[in-house]
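Examination of the molecular architecture
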Amino acid sequence: MTTTLQDCQALDAADPLRGLRAQFNIPAGTIYLDGNSLGVMPASAPARVAEVVTREWGTDLIQSWNKHGWFQMPGQVGDKIARLIGAGAGEVVATDSTSVNLFKVLSAALNMVQADAPNGQLTRKRIISERSNFPTDLYIAEALCKQHGMELVLLEPEEIASALTAEVAILMLTHVNYRTGAMHDMAAVTAAAHAEGILTVWDLAHSAGAVPVDLTGAKADFAVGCGYKYLNGGPGAPAFVWVNPLHANRFWQPLAGWWGHAAPFAFTPDYQPAPGITRYQCGTQPMISLAALECGVDTVLAAETLGGMAALRAKSLALTDLFIRLVEERCAGHGLGLATPREHAQRGSQVCLTRDEGAYAIVQALIARGVVGDFRAGDGGIHKDILRFGFTPLYIGFEDVWHSVEHLKQVLESGEWQRPEFNRKHAVT
Ligand SMILES: *Cc1c(COP(=O)(O)O)cnc(C)c1O
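Described in the following lines is the structure provided in the data block.

Conventions adopted
- Residues numbered from 1 in each chain as written.
- Predicted model: local features only at pLDDT ≥ 70, side-chain atom pairs only at ≥ 80, totals over all residues.
- Heavy atoms only, no water.
- Axes fitted to C-alpha atoms, helices over the stretch in contact; angles between N-to-C directions.
- Helix = DSSP H or I, 4+ residues; strand = E, 2+ residues; numbered from the N terminus.
- Parallel < 35°, antiparallel > 145°, perpendicular 65-115°, else oblique.
- Left-handed = near helix turned anticlockwise from the far one by under 90°.
- Contact = heavy atoms within 4.5 Å.
- Expected span 1.5 Å × (residues − 1).
- Buried < 20%, exposed > 50% of the residue type's maximum accessible area, 1.4 Å probe, protein only.
- Pairing = 2+ DSSP bridges.
- Near = heavy atom within 4 Å.
- Polar contact = N/O pair within 3.5 Å; in protein donor to acceptor, adjacent residues only side chain to side chain.
- Areas by Shrake-Rupley, 256 points an atom, 1.4 Å probe, with all protein chains shown as cover.

For the pair helix α12 (residues 308–330) and helix α14 (residues 398–414), interaxial distance at closest approach is 10 Å and the crossing angle is 25°. Judged by the inter-axis angle, α12 sits roughly parallel to α14. When the axes of α12 and α14 are compared, the crossing they make is right-handed. Between α12, through K315, A318, L319, L322, F323, L326, V327 and R330, and α14, the contact on the second element is made entirely by F398, V401, W402, S404, V405, E406, L408 and K409.

All right, on to helix α6 (residues 135–148) then. Two residues of an α-helix separated by three or four positions point the same way, owing to the 3.6 residues in each turn. Here α6 spans 20 Å end to end across 14 residues, near enough to the 20 Å set by a 1.5 Å rise per residue. Where the residues of α6 are buried, they touch α5 (98–115), β3 (126–130), β4 (151–155), β5 (168–174) and β6 (199–203). Once α6 ends, the next one or two residues include G149, with phi positive near 65°.

This part is about the pairing of strand β10 (residues 350–354). Buried residues dominate β10, accounting for 5 of its 5 residues. Neither face of β10 is left uncovered, since the one carrying Q350, C352 and T354 and the one carrying V351 and L353 both have all their residues buried. As judged from the 2 bridges shared by strand β9 (residues 337–338) and β10, these two strands associate in the antiparallel manner. Bridge assignment links G337 to a residue of β10, and that residue is T354. With 5 bridges connecting them, β10 and strand β13 (residues 386–390) associate as antiparallel partners. Counterpart to L353 in the pairing with β13 is L387.

Around the ligand lies a shell formed by S97, T98, S99, F134, T136, D137, T174, D203, A205, H206, Y228 and K229. In this structure, an oxygen atom belonging to the ligand sits 3.4 Å away from a main-chain N or O atom of T98. One of the side-chain nitrogen or oxygen atoms of S99 is found 2.5 Å away from an oxygen atom of the ligand. Calculation on the ligand without its partners gives an accessible area of 390 Å², and the protein chains cover 87% of this total.

In structure tokens:
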């Protein structure tokens, strides 16, 4: 039995999460399949940001640090994010960028490895990651390796298990791969790493708000994640950082600014780290951006009374299953491949298609039709060019899936993607 438009409409009508879409004003004529890159603006954000600007900043000025709880904002938003990633209250701060937070946690992890080296002799001189990890993660790790005389080893996912040896200090992985949407089993991988004495650093950029995460249950060591993707926090939103409470007080991170100090307003000349995750803050935090991020996180927390992340996950899998099935039914014979695992346990909340030719132009032709996905370049080797479609279950419905595949079919059948305007590369793909 093939799936029809009416079937998709029936799925939307029966969807208990359908009402969550009203938290957003999605532009008319747009099917937004790029929430994995920049989430849709929450409808509450403009008024909240205006309030911070005109009342808190404009009127109350410096009193707002106390009067409007500005000083507590990184921890307050962090506590909300914690509920989505299996962390406890007081264990997460929303701060800085993912890249900067990675620098902090990798540095702290290296401190731990050095302190725990038998007889002070450092034998673990490798950081392991995936070759197709997001480049900024690799750049940050590479720079730290250079500074510490260590080696960054890049592997394919299937090579990781056998590479976990006594020479390895840290395993740094992105939970859901940004290119393929493939998801690691965080608990199993962490256990395998720990069995060899290796610390784990997880990047949750494509997980937080997209798939259930249980950092505590997985006994992970460090985690960072992004505020502007599935958390809908706005362009350049503060990222977040979590450190296992077992490690949090052992060291402080090298960006030891005054916002991570135990008593910033004592203005002492020496650094005394605040207890817990607060020491992962550096300098003064962006209040307007934190306010927008809080609106975004609240859109995800609104699912808590409807089954929470488990319900969002079930819908996300139903959406990506449907997309894969419809593409295979309706776009067969057009040279599309599937880069995303079919296995539910191995799939995040996106579907990535491959095509040897024209992937970029096909995405551009779809965007011109109002179906917004994105393109990620291959490496000319085993990693192919990718057409990437993110499915944010908060605001994407089953009928959206139907129409996006219908547009893809028309773009391929008409060959309209070959038009010159769709083949001109923009700075941001
Ligand atoms: C999006 C993303 C980032 C972004 O890092 P920024 O510092 O916010 O630019 C980092 N890592 C991964 C895995 C990502 O997907």
